[in-house]
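Topology and contacts: notes
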Amino acid sequence: MKKKMQADSKWISRLWLFISFAVAMVLWYILSIMPNTARVFPNVVVTLQQIKVMIDRGCLFTDIGSSLISVGAGYALGFVIALPVAILMAWYKPVRNIIEPWIQFIRNIPPLAYVPLVVIGAGVGRKPQIIVITLATFLIMCVTIYQGVVNVDETLIKAARVLGAKDKDIFIRVIAPATLPFILTAVRLGAGVALTTLVAAESTGAFAGLGMRIRTLNNNFETAPMLLYIIIIGIIGITVEKIIKTLERKLTGWQDKREL
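Quick summary incoming for the structure in this document. (Residues numbered from 1 in each chain as written. Predicted model: local features only at pLDDT ≥ 70, side-chain atom pairs only at ≥ 80, totals over all residues. Heavy atoms only, no water.)

1. A look at the packing of helix α3 (residues 60–91) against helix α10 (residues 210–219)
Where α3 contacts α10, the two axes come as close as 7 Å, and the packing angle between them is 130°. The angle between α3 and α10 places the two elements in the oblique class. Counting all contacts with α3, which are made through Asp-63, Ile-64 and Ser-67, the residues of α10 involved are Leu-210, Gly-211 and Arg-213. (Axes fitted to C-alpha atoms, helices over the stretch in contact; angles between N-to-C directions. Helix = DSSP H or I, 4+ residues; strand = E, 2+ residues; numbered from the N terminus. Parallel < 35°, antiparallel > 145°, perpendicular 65-115°, else oblique. Contact = heavy atoms within 4.5 Å.)

Below is the structure:
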């Protein structure tokens, strides 16, 4: 019975996904024939034809590969830095009092605002791209993980101390399991921020990349390939989101969740 219900649920989900896709295609077609939006939204066929055009130019795969390297490196560095900083902020009040105000301050500054400073300091190329993405992902992941640590039930920590647990044991046996859902949420949010920061990051004198190419195509008023590149970024984002959600379900299967 349970398997049948799960199968029905998957079928219904796929049906809604198909309906959603069909509605989007109809809306795209309408926008492509309306005089005011036709220039901005070329039709599906014209947009898909740009795949061959960009391959013939020798750009498409180079741009995708370059962006994935920058996003992957910046994202990984952001997480590696955010995890210990968030734990230290939550665990030690002096660290929190020193670092948290600056994290909140920098979070409110758009990446495009400090890109010129990064370029002046790090030069052009991949290095400033990674720095910008690292900074953006660090901020969102640090805040999310910090919230997870401070929300751990104080009773569990006190009970562990009464039983003689040291800080190391508390981190491993109490803090880590309790904050795992927050860590995975931070990983998911960080991936989204890394991609949304891509265009800003690749304005640092990049020689290839999806964001850099979008800016170039925009300068040349080539809307069809530009729309294609925007869609590619969206596809990469959805793919990463699905992978992280699958990982989240496997690692936090014990957690009760409300079905929507």
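Having seen the structure, we can now continue with the description.
2. Points about the environment of Phe-221
Residue placement: Phe-221 occurs in the loop between α10 and α11 (223–251). On the basis of relative accessibility, which here comes to 62%, the residue Phe-221 falls in the exposed class. Considered as a pair, Phe-221 and Lys-52 are 169 residues apart in the sequence and their alpha carbons are 19 Å apart. (Buried < 20%, exposed > 50% of the residue type's maximum accessible area, 1.4 Å probe, protein only.)

3. A short note on the pattern of salt bridges
Side chains bearing opposite charge may pair, as long as their charged atoms lie close to each other. Under the counting rule described, the total for this entry stands at five salt bridges. The salt bridge involving Arg-57 is made with Glu-222; its shortest N-O contact spans 2.7 Å. Of this pair, Arg-57 sits in the loop between α2 (44–56) and α3 while Glu-222 is found in the loop between α10 and α11, placing the two residues 165 residues apart along the sequence. Two residues, Asp-63 and Arg-213, come together in a salt bridge whose shortest N-O distance is 2.7 Å. Within this pair, whereas Asp-63 is found in helix α3, its partner Arg-213 is found in helix α10, the two being separated by 150 residues in sequence. For the pair Asp-63 and Arg-213, one class covers both residues: buried. (Salt bridge = Lys/Arg side-chain N within 4 Å of Asp/Glu carboxyl O.)

4. A closer look at the packing of aromatic side chains
One pass over the structure, following the stated rule, counts one aromatic pair. Look at Trp-102 and Phe-105: their rings are 5.9 Å apart centre to centre, the planes differ by 85°, and that puts the pair in the edge-to-face class. Within this pair, Trp-102 and its partner Phe-105 are both found in helix α4 (residues 93–107), separated by three residues, close to a single helical turn. (Phe/Tyr/Trp six-rings, centres within 6.5 Å; stacked < 30°, edge-to-face > 60°.)

5. Focus on the environment of Ile-214
Relative to the helices and strands, Ile-214 is located in helix α10. Sequence spacing of Ile-214 and Ala-38 is 176 residues, and the spatial spacing of their C-alpha atoms is 19 Å.

The values reported here are purely geometric and, on their own, carry no functional implication.
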